[in-house]
Amino acid sequence: MGCSTSNTHLVTAERAAHTSSCGQHQQPIRRLDLTRDEKKILEAHYRLLANDSVKNGLMVFLYIFKHQPHLQKLFPFRDLQGEDLAKDPQLKGHGSRFMQVVGAVLESMGTADTAVRPLLYQLGERHAYYDGFKSEYFEYYKQGMMYMCEQNFRDKLTPKLRELWMKVFTYIIDSVRDGCSDSLKHIASDKTYSLEREKQLNADSK
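Described in the following lines is the structure provided in the data block. Please read all numbers here as calculations on a predicted model, not as lab measurements.

1. Here's the deal with the environment of S183
Residue placement: S183 occurs in helix α8 (residues 159-189). Between the alpha carbons of S183 and H127 there is a distance of 8.9 Å; along the sequence they are 56 residues apart.

2. A word on the side chain of H127
Relative to the helices and strands, H127 is located in helix α6 (residues 117-127). H127 gets classed as buried once you look at its relative accessible area, which sits at 12%. Setting aside residues up to four positions removed in sequence, H127 forms contacts with F133, F138 and C180.

3. Some remarks on the layout of surface pockets
Taken as a whole, the largest pocket encloses approximately 780 Å³ of empty space. Per-element accounting of the lining of the largest pocket gives the leading share, 8 residues, to helix α4 (residues 89-107). Partitioning the lining of the largest pocket into residue classes produces 21 nonpolar, 5 polar and 2 charged.

4. Digging into the packing of aromatic side chains
In this description, an aromatic ring pair is defined by two values, namely the gap between the centres and the angle between the planes. If you walk through the whole model with that rule in mind, you get 15 aromatic pairs. Judged by centre distance (6.1 Å) and plane angle (55 degrees), the ring pair of F61 and F65 falls under tilted. In this pair, F61 and F65 both sit in helix α2 (residues 53-67), 4 residues apart, roughly one turn of the helix. Centre to centre, the rings of F61 and F98 are 5.7 Å apart; their planes meet at 75 degrees, and the pair counts as edge-to-face. One end of the pair, F61, is in helix α2; the other, F98, is in helix α4, with 37 residues separating them in the sequence. In terms of burial, F61 and F98 fall into one category: buried. Here the aromatic cluster, defined as three or more aromatic residues joined through ring pairs, consists of F61, F65, F75, F77, F98, F133, Y137, F138, Y140 and Y141.

Rules used in this analysis
- Residues numbered from 1 in each chain as written.
- Predicted model: local features only at pLDDT ≥ 70, side-chain atom pairs only at ≥ 80, totals over all residues.
- Heavy atoms only, no water.
- Helix = DSSP H or I, 4+ residues; strand = E, 2+ residues; numbered from the N terminus.
- Buried < 20%, exposed > 50% of the residue type's maximum accessible area, 1.4 Å probe, protein only.
- Contact = heavy atoms within 4.5 Å.
- 1 Å grid on protein atoms, 1.4 Å probe; cavity = no way out; pocket = protein on both sides within 12 Å on 5 of 7 lines; lining within 4 Å.
- Points joined across faces, edges and corners; volume = space filled by probe spheres on them.
- Nonpolar A, V, L, I, M, F, W, Y, C, P; charged D, E, K, R; others polar.
- Phe/Tyr/Trp six-rings, centres within 6.5 Å; stacked < 30°, edge-to-face > 60°.

This is the structure:
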């Protein structure tokens, strides 16, 4: 998930002083800069999405699998299609957790950089250990999220609202991708560290 015209503020002149929980990966600083009025607008519209988080999370994944079918092969439900895929409990669980991430960022607006950002980064680290996963795949998640907004808001998705949601989605995706990209570099350069970090991430997810 990435975009060459990110709406988030990335400080490229320095690296963040804080690191991931392992104390090894330095994270680039990203900020979700929103005004008070913009936060109110997003909160009001997120309530509609939160009314059926499972359906909306599922919509994101089904969109991704429709347009990028090779990505479905990375999941346990790789061989399911149609109604069988849409009803799969594991896929529904993925969709629900996905929407929880979006909700956590919105609930932490104003403190997202310290409250949620490290968790997003660690989520990206974990993806680096999924066999065959590439950091550029996150871009498709952002496309799926915008599709989900289009289906929910319809003609209410004004250019301003679209811009705000893209800002949030870009922040999420870029933060997760940072963790994935950094971990992929470590995996390639330090196999011993890579194995130890994978064990830590697996333990943290339990």
